[in-house]
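This is what each chain is made of:
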Amino acid sequence: MLTRPLSGDKPRSTVLTVLLLVILVALALAPFLFPGVRSLETAARICIFIVLVASYDLLLGYTGIVSFAHTMFFGLGAYGVALASVHMGRGWGALLTGTVAGALAAAALALVIGLFSLRVRAIFFAMITLAVASAVAVLVSQMSGLTGGEDGLNYQIPRELTPAFRLGELFGVRINGKLLNYYLVFFACLILFLLLLRIVNSPFGRVLQAIRENDFRAEAIGYRVVWYRVTATCLSAAVAAIAGSLFAIWLRYVGPDTTLSFEIMLDILLMVVIGGMGTMYGAVLGATIFVLAQNYLQSLMGVASEATEALPLIPNLLDPDRWLLWLGVLFILSVYFFPTGIVGRLRSGR
Amino acid sequence: MSDPILSLQGVHTDIAQYHILQGVDLDVPRGQVTMLLGRNGVGKTTTLRTIIGHWQAKSGAITFDGAEITGIPTPARARAGIGFVPEDMGIFTDLTVEENMVLAAASGPLDKARLDWIFAAFPPLKTFWRSEAGNLSGGQKQMLSIARAMAEERKLYLIDEPTKGLAPAIVSTMAGALRDLKKQGASVLLVEQNFSVAKALGDTAAVMDDGRIVWTGEMAELSASAELQERLMGLSMEAH
Amino acid sequence: MTAAPDHKPTFADLSLSDRIGKAAPYLLIPVLVVLGFLAIGSTSSWLTLTVSGLAMGMMIFIMASGLTLVFGLMDVINFGHGAFISVGAFVGITVLIWLGSWTGAPSLMLNVAAVLLAVIAAMCVTGALGWGFERVIVRPVYGAHLKQILVTVGGLIVIEQLIHVVWGPEEIFLNRPETLKGAFTFAGAAIERYRVLAVVVGLVLFVAMRLVLRRTKIGLIVRAGVQNGEMVEALGYRLRLVFIGVFVAGSALAGLGGVMWGLYQEVITAGMGEEMMILVFIVVIIGGLGSVEGAFIGALLVGLLQNYIAFLEPKLALISNIGLMTAVLMWRPQGMMPVVKAK
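Here the residue numbering is sequential within each chain, running from 1 through the sequence in written order. Both sets of labels track the order of writing: A upward for chains, 1 upward for ligands. A pLDDT threshold of at least 70 governs which residues receive local features in this predicted model, and a stricter bar of 80 or more applies before side-chain atom pairs are shown or counted, although totals over entire chains, interfaces and linings include all residues.

Details of the overall build of chain A
Next up, step 1: Starting at the N terminus, helices and strands are each numbered in turn, a helix being any DSSP run of H or I of at least four residues and a strand any DSSP run of E of at least two. Per the secondary structure count, chain A includes 17 helices and four strands.
Next up, step 2: All radius of gyration figures rest on C-alpha atoms, and the globule criterion is 2.2 Å times the number of residues raised to 0.38. Computed over the C-alpha atoms, the radius of gyration of chain A is 20 Å, within 12% of the 20 Å expected from 2.2 N^0.38 for a compact globule of 350 residues.
Next up, step 3: In terms of principal-axis extent, the alpha carbons of chain A reach across some 60 × 55 × 50 Å.
Next up, step 4: Burial status across chain A gives 49% buried among its 350 residues. Labels follow a simple rule on C-beta atoms placed from the backbone: if 20 or more others lie within 10 Å of a residue's own, it is buried; if 12 or fewer, it is exposed; otherwise it is partly exposed.

Observations regarding the overall build of chain B
Next up, step 1: Counting secondary structure elements, chain B contains 10 helices and 10 strands.
Next up, step 2: The buried share of chain B, reckoned over its 240 residues, is 47%.
Next up, step 3: Contacts here follow a simple rule: the backbone-placed C-beta atoms of the two residues must lie within 7 Å. Long-range contacts, defined as pairs at least 24 residues apart, comprise 68% of the intrachain contacts of chain B with a sequence gap of at least 6.

Observations regarding the interface of chain A and chain C
Next up, step 1: On the side of chain C, 30 residues touch chain A, which itself brings 34 residues to the contact.
Next up, step 2: Those elements giving two or more residues to the side of chain A that touches chain C turn out to be helix H6 (122–142), helix H13 (262–275), helix H15 (314–318) and helix H16 (323–337) of chain A.
Next up, step 3: For this classification, the nonpolar set comprises Ala, Val, Leu, Ile, Met, Phe, Trp, Tyr, Cys and Pro, the charged set comprises Asp, Glu, Lys and Arg, and every other residue, Gly included, is treated as polar. Looking at the side of chain A that touches chain C, its residues break down into 27 nonpolar, four polar and three charged.

Considerations on the packing of helix H10 (residues 272–287) of chain C against helix H12 (residues 317–331) of chain C
Packed helices, taken two at a time, are described by the angle between their axes plus the distance between the axes.
Residue and element names in this part refer to chain C.
Next up, step 1: Between the N-to-C directions of two axes lies an angle of 0 to 180 degrees, each axis being a line fitted to C-alpha atoms and, for a helix, fitted only over the stretch in contact. It is the contact of H10 with H12, at a shortest axis distance of 10 Å, that shows an interaxial angle of 15°. It follows that H10 is roughly parallel to H12 by the angle criterion. Between H10 and H12 the crossing geometry is left-handed. Mapping the contact onto sequence places Leu 279, Ile 282, Ile 285 and Ile 286 in H10 and Asn 321, Leu 324, Met 325 and Val 328 in H12.
Next up, step 2: When the residues that make up the contact of H10 with H12 are grouped by side-chain class, the tally is seven nonpolar, one polar and no charged. Relative orientations are named as follows: roughly parallel for angles under 35 degrees, roughly antiparallel for angles over 145 degrees, roughly perpendicular for angles from 65 to 115 degrees, and oblique for any other angle. Note on convention: near helix rotated counterclockwise from far helix by under a right angle means a left-handed crossing. Clockwise means right-handed.

Observations concerning the sheet that holds strand E1 (residues 6–15) of chain B
Residue and element names in this part refer to chain B.
Next up, step 1: When DSSP finds two or more bridges between two strands, those strands count as paired. Spatial strand order, E2-E1-E4-E5: four strands in an open sheet with antiparallel pairing. The sheet is open, and its two borders are formed by strand E2 (18–28) and strand E5 (67–68), each paired with just one other strand.
Next up, step 2: Pairing of strand E4 (residues 59–64) with E5 involves two bridges; the strand directions are antiparallel. Bridging from a neighbouring strand, Thr 63 pairs with Glu 68 of E5.

Some words on the confidence of the model for chain B
Next up, step 1: Per residue, pLDDT measures the predictor's confidence, with a range of 0 to 100. Residues of chain B with pLDDT of at least 70 account for 97%, and the chain-wide mean is 88.
Next up, step 2: Taken together, the stretch residues 236–240 of chain B has pLDDT below 50 and engages in nine contacts with residues farther than four places along the chain or on a different chain.

Description of unusual backbone geometry
Next up, step 1: One non-glycine residue with positive phi stands out, namely B:Met89, at about 75°.
Next up, step 2: If you trace the backbone, B:Met89 turns up in the loop between strand E6 (82–85) and helix H3 (97–104).
Next up, step 3: Phi angles above zero are rare outside glycine, and C:Ala187 is one such case at about 50°.
Next up, step 4: A tally of 8 C-beta atoms within 10 Å means that C:Ala187 is categorised as exposed.

Focus on H10(C)
Residue and element names in this part refer to chain C.
Next up, step 1: Here the expected length of a helix is defined as 1.5 Å per residue gap, with one fewer gap than residues. Given a rise of 1.5 Å per residue, 16 residues ought to cover 22 Å, and the 22 Å separating the end C-alpha atoms of H10 matches this to within 8%.
Next up, step 2: Summarising burial for H10: 15 of the 16 residues are buried, a large majority.
Next up, step 3: With its phi angle positive at about 105°, Gly 288 sits one or two positions after the end of H10.

Quick notes on the interface of chain B and chain C
Next up, step 1: Contact residues are listed per partner, giving 27 residues for chain B and 24 residues for chain C.
Next up, step 2: For the side of chain B that touches chain C, the secondary structure elements donating two or more residues are helix H2 (74–79), H3 and helix H6 (138–150) of chain B.
Next up, step 3: Considered class by class, the residues forming the side of chain B that touches chain C number 15 nonpolar, nine polar and three charged.

Concerning the arrangement of the chains
Next up, step 1: Between chains A and C lies the most contact-rich interface of the two pairs of chains that touch.
Next up, step 2: With respect to C-alpha atoms, chain A approaches chain B no nearer than 11 Å, and the pair has no contact.

Quick word on the pairing of strand E2 (residues 166–170) of chain A
Residues and elements named next belong to chain A.
Next up, step 1: Burial of E2 is sparse: only zero of the five residues sit out of reach of the surface.
Next up, step 2: Where E2 and strand E3 (residues 173–176) come together, four bridges link them in antiparallel fashion. What sits directly across from Gly 168, in E3, is Ile 175.
Next up, step 3: Where E2 folds back on E3, the antiparallel hairpin that results is connected by two residues, among which Phe 171 adopts a positive phi of roughly 45°.

Some remarks on the sheet that holds E6(B)
Residues and elements named next belong to chain B.
Next up, step 1: One open sheet accounts for six strands, arranged E6-E7-E8-E3-E9-E10; its pairing is mixed. Across the chains shown, the open sheet's two edge strands, defined by having one partner strand only, are E6 and strand E10 (212–218). Taken pair by pair, the neighbouring strands of this sheet meet at an average axis angle of 15°, ignoring direction.
Next up, step 2: Here E6 pairs with strand E7 (residues 156–160) via four bridges, running parallel. Each residue of the ladder has a partner; that of Ile 82, found in E7, is Leu 156.

What to know about the confidence of the model for chain A
Next up, step 1: Predicted confidence across chain A gives a mean pLDDT of 86, with 98% of residues reaching 70 or more.
Next up, step 2: Mean pLDDT per element in chain A: H15(A) is the minimum at 74, and helix H11 (residues 225–251) of chain A is the maximum at 93.

Examining helix H9 (residues 203–213) of chain A
Residues and elements named next belong to chain A.
Next up, step 1: Those residues of H9 that sit buried are Gly 205, Val 207, Leu 208, Ile 211 and Arg 212. End-on view of H9: buried residues confined to an arc of 160°, all on one side of the axis. For H9, exposure combined with an orientation more than 90 degrees from the buried face picks out Pro 203, Arg 206 and Glu 213.
Next up, step 2: Looking at the buried residues of H9, the elements they touch are helix H3 (37–63), helix H8 (177–201), helix H10 (215–221) and H11. Starting at the helix axis, one direction is taken to each C-beta atom, and the arc is that of these directions.

What to know about the packing of helix H5 (residues 108–138) of chain C against helix H6 (residues 145–167) of chain C
All names here are of chain C.
Next up, step 1: Taken N-terminus to C-terminus, the directions of H5 and H6 make an angle of 130°; their axes are 10 Å apart at the nearest point. With respect to each other, H5 and H6 are oriented oblique. H6 is crossed by H5, and the crossing has right-handed handedness. Where H5 abuts H6, its residues Phe 133, Ile 137 and Val 138 lie against Val 151, Thr 152 and Gly 155.

Considering the environment of B:Gln9
All names here are of chain B.
Next up, step 1: By the element assignment, Gln 9 lies in strand E1.
Next up, step 2: You can call Gln 9 partly exposed: it has 16 C-beta atoms within 10 Å.
Next up, step 3: When near neighbours in sequence (up to four residues on either side) are disregarded, Gln 9 contacts Asp 25, Gly 60 and Ala 61.

Describing the environment of A:Ile46
All names here are of chain A.
Next up, step 1: By secondary structure assignment, the location of Ile 46 is in helix H3.
Next up, step 2: Linking Ile 46 and Phe 290, residues 244 residues apart in sequence, is a C-alpha distance of 8.8 Å.
Next up, step 3: Discounting residues that sit within four places of it in the chain, Ile 46 has contacts with Leu 27, Ala 287, Thr 288 and Val 291.

Below is the structure:
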């Protein structure tokens, strides 16, 4: 029954199926199951990161290309919505224009970068994306006239999507624009995810995987490897941009730190690796676990750091600001010992 | 032939998922030129690469000069006294001819007398001594590649198709040099498609098919029998 | 993707266009310097900018040289290289701060001694770190580019964070030693002493590196190994050992670059290595992966262009490097002086 929307790509593990269903239900009913502003924020963030990570996995896991520009594409979408809302004024038209423009710009930029670097060597791509993405990040924070610089941009979105728009109550939960906004995010993300699942299970996706396994052979069979890689890059960039647009609609704010920073890039990498490269479902698990951990573990580290205050160096290591240190260690260990991620483990343990 | 310089026993080698060598048993006698023959794609190059260690044997044993070398790394095998001339010649094209030769003498400076001998065998190398090896012609590169193996005294030379794609005049230069090497009493394992060269140089021969040695014997016996050639290699080589 | 087989029956002399093609990258530097002069107009500003561009280029070259060789030799791309830059800067500057009385004195001898000690300490620490990094982080992932990139990025984060743990989260400001402060006037242009020193150190290192690569057996092994490592091993050389040596030397040079960059900026942060890596990657790409000469030319081009553009049109300075990279890759998709792989 469910195979059609899943494009025939079943979870292939009972535990995985259960986990995915739990996450789906929890996200679908989040406003009712976990009332409160903070948990709704977390749920929306999970939705958006699932799509962002899944689109990255299309590149990393399915095509075997490492990109460091994924946050740049994410940011393009976000700034697209922000700029459109600022300049066109509050309205649905602005949201749509910004989203489409952001996605197109992301795809175009991905095309240019891809043509330049993938033609020669896939490894160029990692270095060039890193250089371009960092230049763009600096550029955005410098062009404060247009982008608001480090402060970012605040803007207004249609009233129907804000808490000010009230509809009444259901099961004791206030139905307002924020809730509608959440469902906009949720359903958009669901559709995008299913779309990505379709892409990787299409003949196109199979060719990508053949290229990842052995690009010489794929070329020899007659597939134009560069074309496939560049197309995957553009698709992935466009989806990342749309995720960025959703993030901008949800937050009503964009800034370099929330959309463009290298730290988010690392988060994405980690989510893909932990969840499982080359399995779209890995993105779901990776993003969910990671966002939850980020929200709650950091506070735990603060407590631990205070508890060990008397000891030398240890409180420094446990300081919540050193969150990245432990992520880095976790990251290296997962690449070595856990390369197929959670999904790989669950599937092989079946 | 009580004590062969090189001996392979039941060697299996996989490349990626392909099972290329399927139990190679081969003895290379001392002081002789052994021809490794067979059609394309039967595993001759893989055999040489497994001996030098570029591919690791999955199972079986390789014994060189009385010691087992199966698991040891390539540089140690080379230092034990194996010279290798790969099919693609392995020339360092960014280096000069001189630098290629200096590198080839791994255990010390180039020996003057040896160098004179090499120059006599391959005069172009003297002419282009200080040129970038990348600018040499195909034949000259092949000369350099063999000269590199000859730069030091080695107990065994593994040479993969030294006459491939060369003009007849250069083929005879190459054959002359190999004959020279043979005269000095070197042990050689030579892969060769050119049957007339094989006939002229070979003392013994081993024929491969499908990742195994299917026939071994005197080269003279093989070259005398068109029927044997037809059966082992699928076509009569006499045409060459 | 692979070169056509060589059909030339006889030895052909290099044609004129081939010769120009080989020399073209070298010519780019004087061309850029002249263009800079024409665009800037004022001799004194141009001279100041040229010196500072060269200084910057030399420092980037010092950081990039090890990375490009490591790639050429073992096909290993080390995204963690930037961490050595930061660590080198922190170790070196710490030593300089300890030796505050030496650096504060207006004595050339004491100043130089302090800087030398700082450099030696930084290079020892980063060299040792490089050795450990190779063993722990890089070795398990040979031949797998994807994992290499991921794991070395992980290593970069961990080391950067450890710098925070050891030296605290704040940036550290510092003063250059007395005799390296200030500028002198030459042809009406103010030229900072330290920049001249940086240019000299860079040049000396480049010449020394070339000598080692051209004239010593180790150098031959490295150059041959960059082209065809398998054949080098078949000749009896243990390329792994050579590779570890190059990795350690490259890490130590990154440490040296870090100290020099710290003294140049007079402030150091844990993230400085990561920032520099972006320039280093650009340099390595436009130079041609694996080529020391290419990295040298690329670094000078990046340094000069960035300084000229920063003077002419400050907003464009950031993207000038990306523009340069784009232009070079349009001209030569493999970089200016790519190493020809024999396979």
